Amino acid sequence: MKSTIVPVLATLWIAGCAVGPDFEVPPEKMEASFKHAGFTEPPAAGSWWSMFGDAELARLMKAADENNPGGRAALARYDQARAALGLSAADAFPAITGDAYARRQGDSSNSNFSAGTYNDYRAALNLSWEIDLWGRVRRQIGVAAAQAQAARYDYQGAILSLRGEVARAYVSLRFTEAEIGLLEETATLREKASGLMKSRFEGGASSRIDYERSVTEHQSVLAELEQLRSQRTKYENALAYLTGRNASGFQLASTGRVPRIPGPVAAVPSELLRRRPDLAAAERRLAAASEGIGLTIASYLPRLTLNGSTGVRSLNSSDLFNSGSKLWTLGPELSVPIFQGGQLLSDRKRAEAVYREALEQYRDTLLTAVREAEDSLADAHHLAKAASARSTGARSADKAAELTRKRYERGITDYFEVVDAERTALAEKRAALSVDLARALAATRLIQALGGGWQR
């Protein structure tokens, strides 16, 4: 037995190498900072939606995290990957099994080893342990570990995407409510104006044309109101879906205010992109593909397995546990692939092609990340200026409408100018709300483009 154990231990001692390339993150060139900003600090860690200053949004985020089917499915995929890693890691340890049987057996009388009919009893423990001579098991574990990490980042990315959708749907709903409020106020004023114009027309103080124009303007606002109410319902239904609720029984009360728009960004180093879950997942898949090359190379090298067994066996049950019934075996088993019709070479080429594909996908994800960050930064930069201009324009248009109404009341101008001025004022106010909504959505996209509050 000693002569068998010594070479086995020697083999275990030298089995420290792993064939194939060791993974290194590709050295991708990135600019020191983005064009429109450059961050001294990352976005708020953790509950980044707190920057919008809305308690209802925070409640919806919590509900989405807990109840959204897509998020739960992503978590289940992560759990599957972790279980697969556990299965791969088990191959690094000896496998021990037990077997026992009691049977009656009859041999053929025409064979050289006929013993007639007899009983056979056996109980044993069996050992099988692959000696990781070329790192095959380690590469297999490396593949599974990288895939589990990629699944973890996929889950983080799914949650980040889900939270971004919730934030965008919520702020869109609140700004739609603000626009509805603006049009409801306008509809009330135009209804009064239409009534006044009717009285003036019937009294001969105004023309039929002015009266019909007032009716047209009033009905136009009412029609747009219904369209906005329909859009609000769709945002509400979207939030129901995102939070795992049935849309038929889901309602959000109007708050009468819009969420706070996060402040402008100062400076953002491009290194923040490394926090993005999709980029981290692509990197881990690249690592898995790299490990896969080594795993493939190891598959066509000799495989050494240590096998052993110990137990008892007897032809009589009464003798099964006697000292003479003991049995044992221990020794290495070597398996060497010799000819497989080019299968091994093709498998290696496949593994290398898988790696090249993963590398290009990683680069594509990186370029997409930079583009999305630049787009969001540009939006934040330019929309802030647009909001200031729209706000000034809305105030001026409102003042012009007020002055035009006074001119009409004094008989200096006709009602057409009043209608035109009021239409312009309403359009400017709605445009200002639209730009503020765009700023809020751009802030959400920027936070998402930079990985949100997730820390790698």
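On a predicted model such as this, the values are computed, not experimentally measured, just so you know. (Residues numbered from 1 in each chain as written. Predicted model: local features only at pLDDT ≥ 70, side-chain atom pairs only at ≥ 80, totals over all residues. Heavy atoms only, no water.)

1. Some details on the pattern of salt bridges
Stage number 1. The tally for this structure, following the rule as stated, stands at 34 salt bridges.
Stage number 2. Two residues, Glu360 and Arg363, come together in a salt bridge whose shortest N-O distance is 2.9 Å. With Glu360 and Arg363 both in helix 7 (residues 343-409), this residue pair falls three residues apart, about one helical turn.
Stage number 3. Its relative accessible area of 43% is what places Glu360 among the partly exposed residues.
Stage number 4. Between Asp379 and Arg445 there is a salt bridge, and its shortest N-O distance comes to 3.2 Å. In this pair, Asp379 is assigned in helix 7 and Arg445 in helix 8 (residues 415-449), connecting sequence segments 66 residues apart.
Stage number 5. Using a relative accessible area of 33% as the deciding quantity, one classes Arg445 as partly exposed.
Stage number 6. The network of salt bridges with common partners includes Arg174, Glu177, Arg232 and Glu236. (Salt bridge = Lys/Arg side-chain N within 4 Å of Asp/Glu carboxyl O. Helix = DSSP H or I, 4+ residues; strand = E, 2+ residues; numbered from the N terminus. Buried < 20%, exposed > 50% of the residue type's maximum accessible area, 1.4 Å probe, protein only.)

2. Some remarks on the sheet that holds strand 1 (residues 95-106)
Stage number 1. Pairing is antiparallel across the open sheet formed by four strands, whose spatial order is 1-2-3-4. Edge strands, defined here as strands with exactly one partner in the open sheet, are strand 1 and strand 4 (326-335). Across the sheet, the mean angle from the axis of one strand to that of its neighbour is 20 degrees, orientation sign disregarded.
Stage number 2. Alignment of strand 1 against strand 2 (residues 117-131), held across 12 bridges, turns out to be antiparallel. Pairing of Ile96 across the sheet is with Leu127, part of strand 2. (Pairing = 2+ DSSP bridges. Axes fitted to C-alpha atoms, helices over the stretch in contact; angles between N-to-C directions.)

3. Topic: helix 8
Stage number 1. Taking 1.5 Å per residue, 35 residues should reach 51 Å; helix 8 reaches 50 Å between its end C-alpha atoms and fits that length.
Stage number 2. With its phi angle positive at about 90 degrees, Gly451 sits one or two positions after the end of helix 8. (Expected span 1.5 Å × (residues − 1).)

4. Points about helix 7
Stage number 1. With 67 residues, helix 7 extends 93 Å from end C-alpha to end C-alpha; this agrees with the ideal 99 Å at 1.5 Å per step.
Stage number 2. Among the residues trailing helix 7, Gly411 stands out with phi positive, at a value near 80 degrees.

5. Section: the packing of aromatic side chains
Where two aromatic rings form a pair, the distance of their centres and the angle of their planes describe that pair.
Stage number 1. Following the criterion strictly, the structure yields one aromatic pair and no others.
Stage number 2. Seen in terms of ring centroids, Trp48 and Trp49 are 5.5 Å apart; in terms of plane orientation they differ by 75 degrees. Their pairing is edge-to-face.
Stage number 3. A residue is classified by how much of its surface remains accessible, and Trp48, at 1% relative accessible area, is buried.
Stage number 4. On the accessibility criterion, Trp49 (10% relative accessible area) is buried.
Stage number 5. Between the NZ or CZ atom of Arg82 and the centre of the ring of Tyr78, over which it lies, the distance is 4.7 Å.
Stage number 6. The side chain of Arg103 reaches across the aromatic face of Tyr101, ending 3.8 Å from its centre. (Phe/Tyr/Trp six-rings, centres within 6.5 Å; stacked < 30°, edge-to-face > 60°. Lys NZ or Arg CZ within 6 Å of the ring centre and 35° of its normal.)

6. Notes on the nonpolar core
Stage number 1. One finds Trp48, Leu57, Leu60, Met61, Val166, Leu239 and Leu252 to be the most contacted residues of the largest nonpolar core, which totals 36 residues.
Stage number 2. Within the residue set of this core, elements represented by two or more residues are helix 2 (55-67), helix 4 (136-202), helix 5 (208-242) and helix 8.
Stage number 3. Per element, the largest residue contribution to this core is 14 residues, and it comes from helix 4.
Stage number 4. Not counting residues up to four positions away in its chain, the partners in contact with Leu252 are Glu56, Arg59, Leu60, Tyr170, Leu173, Arg232, Glu236 and Leu239.
Stage number 5. Within the second largest apolar cluster, 12 residues are counted, among which are Ala287, Ala288, Ala358 and Leu366. (Core = buried A, V, L, I, M, F, W, Y, C linked by side-chain atoms within 4.5 Å. Contact = heavy atoms within 4.5 Å.)

7. Things to note about the side chain of Asp120
Stage number 1. Tracing the sequence through the fold places Asp120 in strand 2.
Stage number 2. The class for Asp120 is buried, based on a relative accessible area of 2%.
Stage number 3. Of note is the side chain of Asp120, whose polar atom sits 3.3 Å from the side chain of Tyr101.
Stage number 4. For Asp120, the contacting residues outside a window of four places in its chain are Tyr101, Ala102, Arg103, Arg313, Ser314 and Leu315. (Polar contact = N/O pair within 3.5 Å; in protein donor to acceptor, adjacent residues only side chain to side chain.)

8. A look at empty space enclosed by the protein
Stage number 1. As enumerated under the stated definition, the model contains two cavities of 30 Å³ or more in all.
Stage number 2. Quantified by volume, the largest cavity comes out at close to 70 Å³.
Stage number 3. Taken together, Glu130, Ile131, Asp132, Leu133, Trp134, Arg136, Ala298, Ser299, Leu301, Pro302, Arg303 and Leu304 make up the lining of the largest cavity.
Stage number 4. Elements with a minimum of two residues in the lining of the largest cavity: strand 2, helix 6 (277-299) and strand 3 (303-314).
Stage number 5. A breakdown of the residues in the lining of the largest cavity according to their chemical character gives seven nonpolar, one polar and four charged.
Stage number 6. Approximately 50 Å³ is the volume found for the second largest cavity.
Stage number 7. If you go around the second largest cavity, the residues you meet are Arg190, Ala193, Ser194, Ser214, Glu217, Tyr415, Val419 and Glu422.
Stage number 8. Residues of the lining of the second largest cavity, tallied by class, amount to three nonpolar, two polar and three charged. (1 Å grid on protein atoms, 1.4 Å probe; cavity = no way out; pocket = protein on both sides within 12 Å on 5 of 7 lines; lining within 4 Å. Points joined across faces, edges and corners; volume = space filled by probe spheres on them. Nonpolar A, V, L, I, M, F, W, Y, C, P; charged D, E, K, R; others polar.)

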